[in-house]
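# Summary of the model geometry
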Amino acid sequence: MAGFNPYEDLQDLVAQVPELVQPLIVAFAGAIPYIEGEGSAALGVLAGINPVVAGVSGAAGNIIAVVLVVLLSSRARGAVQARRARKVAADAGAPVAARAVPAGAGTTVAAGPGTGAGPRPEAEPDATAGPGAEPQPDGDGDGEPTTRKAKGQKRLRCWLVRFGVPGASLLGPLALPTHLTAATLVASGVSKNWVILWQVIAIVAWTTVLTLAAAGFITAITAA
C-alpha cells in the first residue's frame, strides 16, 4: 500500500480552486469558533495546501476575528461601567427630600446610610459571562455547571486565578474557543491589549503545533 492517501479526493477537489483563493478559504474557516486557526490549518494541510500557507492563513483569520471580539467586548464593558458610574453619581447628588421613602403610616424617613430604607442594590453580574450577558445558573444545585459553555468558563476562571492571563490564554482552547476565551477575559477586567497579546501568542502556538502534526501525518501515510 505504498503511497496510500485517504485524502486524495479532498486534495483533488481543493486543487480545482484557484491557488489565490485557497488561503482565503482557510482564513475564513479560521475565523469560525470551534474550527479556529489550528483546525482550519490542519484541514488545509490535509487538503493539500502548503503547510506554511495553511498555517499563516488559519492563524490570520483566527487573530482578526479575536481582535474584533476583544474590541467589541471592551467597548461594551466600558459602556456598562460608564452607565453605572452616571447612575451612582446621579443617586449621590439627588436631594435628600427626593429620596424620602415611606416608613410607616403617615410618616416618611429620608433614605440614607444606616436607615435600611431604599431599593436594594443590584447584584453584580458574573464578570466572566460577557458584556450584557444574563446571569446564568451555576448548575443543578450542587454547584456543577449544566452547559458546555458554563463548564468551559469555570475551567477558564480556575486557570486565570492559578496561572494568570498567559496560562489561561494558552490553555483556553482546551476549554473554550478563542473567541469566548477573549470575551471572558475582557469581561473579567483584563486590559484589552494584554488579552490581544496573549491570544495572538496562543493562536500562533496552537496553529503551529496542529499544522506540524497534520503535515507529519500526511507524510507518514503517503510514505507507508
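Residues numbered from 1 in each chain as written. Predicted model: local features only at pLDDT ≥ 70, side-chain atom pairs only at ≥ 80, totals over all residues. Heavy atoms only, no water.

Looking now at the confidence of the model for the protein. Summary statistics for the protein give a mean pLDDT of 79 and a share of 74% for residues scoring 70 or more. Contacts from residues 103-145, a stretch scored under 50 in pLDDT, to residues over four places away or in other chains number 46 contacts. (pLDDT = per-residue confidence, 0-100. Contact = heavy atoms within 4.5 Å.)

Contact geometry for helix α5 (residues 148-171) and helix α7 (residues 192-223): axes closest at 8 Å, N-to-C directions at 40°. Between α5 and α7 lies a crossing whose hand is right-handed. Residues Val 165, Pro 166, Ser 169 and Leu 170 of α5 pack against Trp 194, Trp 198, Gln 199, Ile 201, Ala 202 and Trp 206 of α7. Tallied by class, the residues present in the contact of α5 with α7 amount to 8 nonpolar, 2 polar and no charged. (Axes fitted to C-alpha atoms, helices over the stretch in contact; angles between N-to-C directions. Helix = DSSP H or I, 4+ residues; strand = E, 2+ residues; numbered from the N terminus. Left-handed = near helix turned anticlockwise from the far one by under 90°. Nonpolar A, V, L, I, M, F, W, Y, C, P; charged D, E, K, R; others polar.)

In this model, Tyr 34 sits at a positive phi of 75°, which is unusual for a non-glycine residue. Relative to the helices and strands, Tyr 34 is located in the loop between α2 (22-30) and α3 (36-46). Residue Tyr 34 is classed as exposed on the basis of its relative accessible area, which comes to 53%. Phi angles above zero are rare outside glycine, and Glu 36 is one such case at about 60°. Mapped onto the elements, Glu 36 comes out in helix α3. (Buried < 20%, exposed > 50% of the residue type's maximum accessible area, 1.4 Å probe, protein only.)

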